[in-house]
Every structure is written in structure tokens, then in C-alpha cells.
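If you want the building blocks of each chain, they are given just below.
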Amino acid sequence: MEPMLNPLNDRFLNDLPAPPGRPISRDVLYPSGQFVPNWRALQSHLHKEGRVSKAECIEIITQTTSLLMSESNLLELMDPVTIVGDIHGQFYDLLRVFELGGNFDSTKYLFLGDYVDRGSFSIEVVLLLYAVKLNYPKTVFLLRGNHECRQMSSFFNFRSECLYKYDLEIYDLIMDSFDAMPIACIVNNKFIGVHGGISPELNSLQDIIDLQRVTEPPRLGLFCDILWSDPVDNDSGQSSEKFKSNDVRGCSYCYGSVAVNTFLKKNKLLSIIRAHEVQIDGYKMHKWNGSTGFPVVITIFSAPNYCDVYNNKGAVVKFNNNVLNIQQYNYTVHPYILPNFMDIFSWSIPFVIEKVLEMLYQIVKTNEEETPVPVQVSEKKMPIVEFNHPKAELLRNKVRAVSKMMKMLKTLREDKEVILQLKGLCPDNKIPKGLLQQGRDAIVGAVDSFHKAKEWDVENERRPK
């Protein structure tokens, strides 16, 4: 029985249920000696912001790692199949995917990677997906994305999330499980599913089968390209080179219609289904062979309102009776989490600084007003004190600087919510230089449209050096 969660009856929102006070019990997670976790009970518990004890967490991860290790680099599935793109720690949107995708008993699920980072509920995403995988090993399949590695998860926030909710041991175990994930899948003998795309080193499907996948992805080569490459960003698929350097990502390649059609024809495939890029509609059909031809590349992205600012839709691909359909959906409201799992004391610093600056401003402003006017004291031959004396100008500069800082801190206090959203988009969680001084309109303008959000976020699409 759940203990009383509000004994003092002092919750500000008393009608909103408090998160479970304790981790899910083993009897609930593994009822009647069951060897696989009760995924429905786990989903309900995590939905309420509940936690899983470290011991049960380790058990779920290690069980899943062993299962993933038994699978081939290249999977083969027949419909009905629901294909899911990037999730990025958006646990509450993942639950929406489950509602739309179909029953696990009758529908296969193929996830194309990027389960972690950017969102605040990556641990919950991993644990639930692993629990579902353990219950449905023949219908749920998890491919690796470019964020399922140590380099990316350390640069972004998944490692920090693991340390906040558990410890380094859990992080390392999850990284080992990512190493075990397959990297590609053939669907209906016509489509290849990967996270990023193709490579100049990918000639036949046997090249994928022969890869050594149980490792940290390298910075170049076939393994890197499968996770990192992108289609060229134009409607015709034209490219000056068959594979050109991917300057946006800082690694791998961009592939055009010539590269794609050559690969598909040689391997008797119809299309590439991949994730890796946010889309305003949740998907994009790359119809490089004309408007009447079938798309040779389909990009699917399943994290709606990405990073809480993109305002994009999420989508999944559904195959049934050899027919492809796109299912779109909007984002689901999730519990509020401070960026980078910040504590309330760190969060309140701008409020304190603003008050300190107000006092400092009054001090330096008073000193400026009291700056002496020019006088001549000739009898004692003292130097002339002029208003434009360097010390006076220095004082003015201090007043201006404090005034600017006050404006920035006032903006930071008044628009805390939108500022925190913007920080989630910017490299190292730093707000773009000068933006705070421009006031609320400039900040809202930076996060009120898909294209503006994508512009701010472009630096985060690069692979860290």
C-alpha cells in the first residue's frame, strides 16, 4: 500500500497526485516469480514519475543486453510493422506511440534509434523499451542511433541524467547495452531501415552483416555512416558528388539520388527508411525520381515538439498488407523538469542576483551624481578635478555595465520559462550572445517557429570533437 504522500496537507496543487514515494516493488515488477518484468505495471509507475530501484534496473538492463547480443547486425521483418524514429527522452510521447502503433502481440515494432539525450526522461524511455523488448523479443526490435554511444550521451544530458537518478554503474551498463544493438533491418524484403543512411563503403547487405558492432562507433567508416549520414537537402536529390562531406554533422556524408538509386538497384530494394533529422510534419518523403515515383528515402521523426520548442509533429510509419501509411500525432504534456536536472537553489540565483544588482546600481549611480564639478584650488596648488576626468568616465561605464546587467537579469527573471527552453537548444546550454539584452520579443522570436529553433540548434547537430 502506497504511504500517505502529503501528511501535512501542504501541497500547492493538492489535486495533482504526488509522485510515488518509493520505487516500484519487486512483487509488482516481477509478479509470481515471473522472469520478465511486468511492463504494464512499470509503464504506469513511470508515468506517475516513479522510480525503479537500482537492483531491478540492473536486472532489466543486463537481461536486455544478453537478448540484443543474440540478434544479427541486420534484422529481417515482415508486416504488420510500425517503424518509429527518434524518441530522445520524450517518455510521455513514447506512450502515445504505443497507443497508435498497435498491439505488441499482433504488430511488430522497429525503433530506429536515438532513445536518449535532449529530453529529460531518457532513463524512463530505456527502461520501458527494454521491459517491452523482454516481453516481446520476437516483435519488438531496437536499432542503434548516433546518440546511443558514450561520446554523444556525455556531451548532451543522458550521462548527467544517469548520475542524477542513479550512478555511473547504471550509465556504463546502459552503454554496454547500446553496444549490443543491431544496426539495420530489412522490412518486407523491399525496405532497409537504418538510423542515418548509406555509405560509400556500403555496397551490399553483407557489408552490414560483417560489421563488428559491439563497440563505440568510430568517427569514420561504414559504421559511422550508417548512424550519421543524411540525404542532401534539396528536392531533386542532385549533388555535385555521389557522396559529399557532411558539413552540418562534422562527420560522415550526404548522399543524393545517384548514390541512393545505385545502392537500391544493386540490392533489389525499393526505399531507405531512416530517422536522424527533425521534420516539421514528423516525416519527409524524398521523391527524387519524380512526383509519381515512390520515395527513395523516407525520414521519420517521432519526437513531437522536439526539445519543447520545435513545435513539430511526431510520426510513425505503419506497414500492413504491404501498404505504407504515415500516422502523425502532437506532443503530450509532460511533468516540468528544470534543465540539466538543476536544483531549486541554482534555479533561483537570477532572482537573487537581480536584487543585488539593484542595490549595486543605486550605489554607483549615487556616486556618479556626487562626482565633483570642476573647481580650481590654486592656493594649495592641488590638481583640477574635472567632470570628464578618467575616473568619472570609469564610473559612468560601471553604471552602464550594471544597467545592462540589470536588464539582462530582469529579462531572465520575467521570462524564465522561455529562457530555459532556449538553453536546451544552444551549445553547452549557453544562451546566444546578446540575446538577453534584446528583451522578451527577441527571445520569444527565437523559439516560436520550427525554422528558427532549427537555426539555433544547428550547432548541436554536429558530432563533438
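Given the structure is predicted, the values throughout are model-derived calculations rather than measurements. (Residues numbered from 1 in each chain as written. Predicted model: local features only at pLDDT ≥ 70, side-chain atom pairs only at ≥ 80, totals over all residues. Heavy atoms only, no water.)

Engineer: Is there a simple way to explain the sheet that holds strand S1 (residues 74-77) in this structure?
Structural biologist: Note: strands within a sheet are paired through backbone hydrogen bonds, in either parallel or antiparallel orientation. Strand order in the open sheet formed by six strands is S1-S5-S6-S10-S12-S11, and the pairing between neighbours is mixed. Strands at the two margins of the open sheet, each flanked by one partner only, are S1 and strand S11 (283-286). Each neighbouring strand pair of the sheet contributes to a mean axis angle of 20°, computed without reference to strand direction. As judged from the three bridges shared by strand S5 (residues 184-187) and strand S6 (residues 191-193), these two strands associate in the antiparallel manner. Each residue of the ladder has a partner; that of cysteine 185, found in S6, is glycine 193. Lying on the sheet, helix H11 (residues 257-266) is in contact with S6, strand S10 (271-274) and strand S12 (297-300); it crosses S10 at an angle near 110°. (Pairing = 2+ DSSP bridges. Helix = DSSP H or I, 4+ residues; strand = E, 2+ residues; numbered from the N terminus. Axes fitted to C-alpha atoms, helices over the stretch in contact; angles between N-to-C directions. Contact = heavy atoms within 4.5 Å.)

Engineer: What am I meant to see in the packing of helix H2 (residues 39-47) against helix H5 (residues 122-135) here?
Structural biologist: Any two packed helices are characterised by the angle at which their axes cross and by the distance between the axes. Axis separation between H2 and H5 bottoms out at 9 Å; the angle between their running directions is 170°. Classified by the angle their axes make, H2 and H5 are roughly antiparallel. For the crossing formed where H2 meets H5, the hand is left-handed. For the pair formed by H2 and H5, the contact residues are Trp39, Leu42, Gln43 and Leu46 on the first element and Glu124, Leu127, Leu128, Ala131, Val132 and Asn135 on the second. Its residues placed into classes, the contact of H2 with H5 shows seven nonpolar, two polar and one charged. (Parallel < 35°, antiparallel > 145°, perpendicular 65-115°, else oblique. Left-handed = near helix turned anticlockwise from the far one by under 90°. Nonpolar A, V, L, I, M, F, W, Y, C, P; charged D, E, K, R; others polar.)

Engineer: Just to check I follow, could you spell out the UniProt feature "domain: Serine/threonine specific protein phosphatases" (unreviewed entry) in the chain for this structure?
Structural biologist: This chain's UniProt record puts "domain: Serine/threonine specific protein phosphatases" (unreviewed entry) on residues 143-148. Taken end to end, residues 143-148 is 0% helix and 0% strand, and its two terminal C-alpha atoms sit 10 Å from one another. (UniProt positions renumbered as here; feature names shortened; annotations may be inferred.)

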